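In case you want the letters, here they are:
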Amino acid sequence: MTPLRSPVSLSLSSLRLSPLCVACLALLSGPALAQTAPQATQVAQASTMREVVVSGSRSERAIEDVPASIDVITGEDFDPARVQDIRDLVREVPNMSVRRAPQRFGGVTGSTGRDGNAGFNLRGLEGNRVLLTVDGIRVPRELSSGVFGSASFGRDYYDLGLISRVEIVRGANSALYGSDGLAGMVAMFTTEPKDLLQPGKTFGGRVGLKADSEDDSRGVGVTLVGAPNDTLQWLGSVQVGRSGELDNQGTNESLNSTRTAPNPQKDKNVSLLGKVVLTPGAGQRHTLTLEHVDKSGEVEAYTARATSMGVTTQDVDGTTDMERTRLSWDGRFKVSSAWADELRATVGYQQAESQEVSTERRSAAPTYRVRDVTYTEKLWQGVLQAEKARSLGADWGQKLVYGVDVSVAKMDNIVTGVGAPAYESYPLKRFPPTSETNTALFVQSEFASERWSIIPALRYDRFDLKAKGSPLYPLQPASLSDSALSPKLGAIFRPGAELNLFANLAAGFKAPSALQLNNYFQNTLASYRTIPNPNLKPESSRTLELGARDKVGPVQWEAAVFTGRYKDFIEELVVVGGQAGNPLNPLTYQAVNRGQVRLSGFELKGKFALGPATDLRLAYGQTKGKDTRLGAPLNTVNPARLLLGVDQRVGDWKLGAVVAHTMKKSTSDINYANLANQFAPPSSTTLDLRASWQVSKATRLSAAIHNVTDRKYWEWTNVVGVAANSPVLDAYTAPGRSFSVALVTDF
């Protein structure tokens, strides 16, 4: 094996400063020369058009004072009859989707769909290229690779019964949040006691029941809140759910690989949330949160029963278990000093474990095979952030946000089982135990007047991936150290009372993962292997977004165009040398930087009040993507989608309808390099209806019908890699007509 080179080390002095970075440095240093006034001025302008958001700027401000497209999902948008999982969550968000492939097993050696609701696709990028957080704490990474056989770990570590608010920020966010935000971020926030505590009461809560025919799910949630005195609030929540397989429109129910109906599945989840909020006075606020999410499932894999090379697979069963536990403290302090008005400190510890087991019975030796794969990730994260507002004269004000962000993640895996392939033995590791330490300094300065806001930001990240040797990992592990400087420059112009024009130019990066750095697989019988790559570079992006928001009488709208260049994409399992079948020089695979991608698109959102009780809604999203190195389309980009909705209030009733039209996947937008006859889904139009009845002041009954016309259609994100002539094509269809209902009572 070729000796591994020493780890890469990049210091700040060796970083090349881009023009954007130089501009941000100049703007950030400018305020030091300005005369400060004794009183801080209000930077953001008052507005009734949008609500306050946090994730777009690391501090609270009105949504129209953020120079980027942001979607906020809260309140009635979280009605459990409409939103039962993260797929439903973004059903009406333009240029966004969640992959959910069917679970179709191939024994212990391969499968699809075991990552469930795998994660978010945002403007054509998905997986770990979208930053996910809960109360500011990062969600565990996605882990999916052919070397894990039938195991594939997604990022659905959520229970939406514990979530009260979601903010979706588009465009690179590394200037504020560091690695992974190449496409943007999805920030979720758990329920606060104040969300449910009614005025004048010291005790209250919410009880909710829900059911959905799409996967035969049913769930119950109980949340209690209290405020025994002026300084203490508390919350406790329990959410329990059961569900089955996700429906499709396949009709073949054979007990073998020709089956197109879903494999029988039983899932369950139990989630807990505890929260204590202390406000001792003097501008202090302390929030202590304990969150636990546990999801498990069982699958009877009829589709894995097949004959291959004379060996008959008689039975395959799969089980999954995904757990995430978080303990965090968030403290806020009013300091009123020359260097800060407010301090915010966050410390969190999170432990996640995901296990997937496949059990196979065969007609030939080994007649009994088990593969048990476990992935664990432990995270310590701490943030110290200061905010300072001040006057820069009669017309201008400044708000400064700066701080330090430190995280330490420890990742590990183990593969065990019975009846291992002849070329390896259990237990083993696909990558060695790895510790990732990230230390960052960030600063954002907003200069605002009545008409203008100029918002430069800059962040320096230093990350170290240190791999530890293990007897279960036979190679010499590689380690990696690198740095990234992420600038961002935003601007807002307010030519009218409600019209806002905004621009956002930003850089993003994503550090290599532990698996990409030290992916291990070796088949000595067939003479091929994978080797570490200590010379991987971070993936990087440069994105530009131009947009406008306005409210003219009953019409409220937002439009944005965007473009981005992405380079050094990491591609796994690339052939870098050797010859197939040559034991002296085996075929060698490695993760390498090679992708060059360009993405561009358009989004439009609008709302028109036809009257005091009637609203029309519009949303449209379109993205085009190209791998510029290959001159080929990017297959993670979804077809354009148009949504038209109407909401009507009639007394205690609220009625709604949404028509969604998805354009066909054009053959010119598909890269056929990996599959010459890749299936291209035709266009589709679906109709959803919903209604809610305010039974009493405290109780609401709601229901929804999805795909009212029972339309048969496919979602592109779920059929990538599926051939047009596949005999089981119907297995990948979206659910047909389904019904959901929810009853929620506040007290």
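Procedures and definitions
- Residues numbered from 1 in each chain as written.
- Predicted model: local features only at pLDDT ≥ 70, side-chain atom pairs only at ≥ 80, totals over all residues.
- Heavy atoms only, no water.
- Helix = DSSP H or I, 4+ residues; strand = E, 2+ residues; numbered from the N terminus.
- Contact = heavy atoms within 4.5 Å.
- Lys, Arg positive; Asp, Glu negative; His and termini not counted.
- Charge placed at Lys NZ, Arg CZ, Asp CG, Glu CD.
- Pairing = 2+ DSSP bridges.
- Salt bridge = Lys/Arg side-chain N within 4 Å of Asp/Glu carboxyl O.
- Buried < 20%, exposed > 50% of the residue type's maximum accessible area, 1.4 Å probe, protein only.
- Core = buried A, V, L, I, M, F, W, Y, C linked by side-chain atoms within 4.5 Å.
- pLDDT = per-residue confidence, 0-100.
- Phe/Tyr/Trp six-rings, centres within 6.5 Å; stacked < 30°, edge-to-face > 60°.
- Lys NZ or Arg CZ within 6 Å of the ring centre and 35° of its normal.
- Polar contact = N/O pair within 3.5 Å; in protein donor to acceptor, adjacent residues only side chain to side chain.
- Patch = residues over 30% accessible without salt bridge, like charges linked within 9 Å, V, L, I, M, F, W, Y side chains within 5 Å.
- Areas by Shrake-Rupley, 256 points an atom, 1.4 Å probe, with all protein chains shown as cover.

Enquirer: Quick question: what am I supposed to make of the overall build of the chain here?
Expert: Within the chain, the secondary structure is distributed over six helices and 37 strands. Its C-alpha atoms give the chain principal-axis dimensions of about 80 × 65 × 55 Å. Counting only contacts in the chain whose residues sit at least 6 apart along the sequence, the fraction spanning at least 24 positions is 69%. Across the chain, the 82 positively charged side chains and the 76 negatively charged ones have centroids separated by 4 Å.

Enquirer: Help me out: how do you make sense of unusual backbone geometry in this one?
Expert: Residues apart from glycine generally show negative phi values, whereas peptide bonds are mostly found in trans. Residue proline 366 is reached from alanine 365 by a cis peptide bond, and omega for that bond is -10°. Of note, proline 366 is situated in the loop between strand E19 (342–362) and strand E20 (368–391). A cis geometry characterises the amide bond from tyrosine 426 onward to proline 427, with omega recorded as -5°. On the secondary structure map, proline 427 appears in the loop between strand E21 (397–418) and strand E22 (434–448). Within the chain, aspartate 216 stands out as a residue other than glycine whose phi angle is a positive 55°. Looking at the secondary structure, you find aspartate 216 in the loop between strand E12 (203–212) and strand E13 (217–229). The backbone phi angle of aspartate 568 is positive, close to 60°, even though this residue is not glycine.

Enquirer: What is the right way to look at the sheet that holds strand E10 (residues 163–170) in this model?
Expert: Read across the open sheet, the five strands follow the order E3-E10-E11-E8-E9; overall the sheet is mixed. Taken across any chain shown, the strands that pair with only one partner, and hence form the sheet edges, are strand E3 (70–74) and strand E9 (137–138). When strand E8 (residues 130–134) meets strand E11 (residues 184–190), the two strands line up parallel, connected through five bridges. By the bridge assignment for E11, leucine 132 is matched with valine 186.

Enquirer: Sorry if this is basic, but what is going on with the pattern of salt bridges here?
Expert: One side chain can pair with another of opposite charge once the charged atoms of both are near each other. A complete count under the given rule lists 54 salt bridges for this structure. A salt bridge links lysine 537 to aspartate 568, with the shortest nitrogen-to-oxygen separation between them at 3.6 Å. Pair noted here: lysine 537 is in the loop between strand E27 (528–530) and strand E28 (539–552) and aspartate 568 is in strand E29 (residues 555–577), with a separation of 31 residues, a long-range link. With a relative accessible area of 13%, aspartate 568 lands in the buried category. The residue aspartate 615 makes a salt bridge to arginine 649 at a minimum N-O spacing of 3.4 Å. On the criterion of sequence distance, the pair formed by aspartate 615 in strand E31 (residues 614–627) and arginine 649 in strand E33 (residues 641–650) is long-range, its members being 34 residues apart. Assessed through its relative accessible area of 9%, aspartate 615 is described here as buried. In this structure, a network of salt bridges that share partners links the residues Asp71, Arg123, Arg170, Glu545, Arg549, Glu558, Glu603 and Lys605.

Enquirer: Looking at this model, I keep getting lost on the nonpolar core. Mind explaining?
Expert: The nonpolar side chains of a soluble globular protein tend to be buried, and buried together. In this structure, Leu89, Phe120, Val166, Ile168, Val186 and Met188 are the most contacted members of the largest nonpolar core, which totals 34 residues. Secondary-structure elements contributing two or more residues to this core are helix H2 (86–89), strand E4 (96–98), strand E7 (120–122), E8, E10, E11, E29 and strand E30 (587–611). Leave out the neighbours within four places in its chain, and valine 186 touches Met96, Phe120, Val130, Leu131, Leu132, Thr133, Val166, Glu167 and Ile168. Val147, Phe148, Tyr375 and Leu515 belong to the second largest nonpolar core, which has 15 residues in total.

Enquirer: Any chance you could explain the confidence of the model for the chain here in plain terms?
Expert: If pLDDT is low for a region, its predicted coordinates should not be looked at in detail. Summing up the model confidence of the chain, the mean pLDDT is 90 and the portion of residues at 70 or higher is 93%. Across the chain, strand E34 (residues 653–662) holds the top mean pLDDT of 98, while strand E17 (residues 307–308) sits lowest at 66. Below a pLDDT of 50 lies the segment residues 1–15, which in the model reaches 32 contacts outside its immediate sequence neighbourhood of four places, other chains included. A low-confidence stretch, residues 32–49 (pLDDT under 50), is modelled with 34 contacts involving residues beyond four sequence positions or located in other chains.

Enquirer: Help me out: how do you make sense of the pairing of strand E37 (residues 738–746) in this one?
Expert: On any regular strand, side chains alternate: one points to one face of the sheet, the next to the other face. Both E12 and E37 contribute to a ladder of seven bridges, which runs antiparallel. Across the sheet, residue arginine 206 finds its bridge partner in E37, namely aspartate 746. The sheet contact formed by strand E36 (residues 699–706) and E37 spans eight bridges and is antiparallel. Bridging from a neighbouring strand, histidine 706 pairs with serine 738 of E37.

Enquirer: Sorry, what's going on with the packing of aromatic side chains here?
Expert: Here a ring pair, both rings aromatic, is described through the centre-centre distance and the interplanar angle of the planes. Taken as a whole, this structure holds 15 aromatic pairs when the rule is applied. Taking 6.1 Å as the distance between ring centres and 55° as the angle between the ring planes, the aromatic pair formed by tyrosine 566 and phenylalanine 569 counts as tilted. Across the pair, exposure class does not vary: tyrosine 566 and phenylalanine 569 are buried alike. Against the face of phenylalanine 442 rests arginine 58, its NZ or CZ located 4.3 Å from the ring centre. When the ring centre of phenylalanine 562 is taken as reference, the NZ or CZ atom of arginine 123 above it lies at 3.9 Å.

Enquirer: Would you mind going over the side chain of asparagine 263 with me for this structure?
Expert: The topology assignment puts asparagine 263 in the loop between strand E14 (232–244) and strand E15 (265–281). A polar side-chain atom of asparagine 263 sits 3.1 Å from the main-chain amide nitrogen of tyrosine 302. Separated by 2.9 Å, the side chains of asparagine 263 and threonine 303 make a polar contact. With sequence-adjacent residues up to four places away left out, asparagine 263 is seen in contact with Gln103, Arg104, Glu245, Val299, Glu300, Ala301, Tyr302 and Thr303.

Enquirer: Mind showing me how you'd approach the pairing of strand E24 (residues 480–493) here?
Expert: E24 sits mainly inside the fold: 11 of its 14 residues count as buried. As paired strands, strand E23 (residues 452–467) and E24 are joined by 14 bridges and run antiparallel to one another. Note on E24: the bridge partner recorded for isoleucine 454 is alanine 491. Linkage of E24 to strand E25 (residues 500–510), two consecutive antiparallel strands, is achieved through a turn of six residues.

Enquirer: Is there a simple way to think about the side chain of aspartate 85 in this case?
Expert: Structurally, the position occupied by aspartate 85 is in the loop between E3 and H2. A polar contact of 3.1 Å, which involves the side chain of aspartate 85, links it to the backbone nitrogen of arginine 87. A distance of 3.0 Å separates a polar atom in the side chain of aspartate 85 from the backbone nitrogen of aspartate 88.

Enquirer: What is the right way to read a positive patch on the surface from this model?
Expert: Residues Arg542, Arg565, Lys567 and Arg598 make up a contiguous surface patch of positive charge. Position of arginine 542 relative to the elements: it lies in strand E28.

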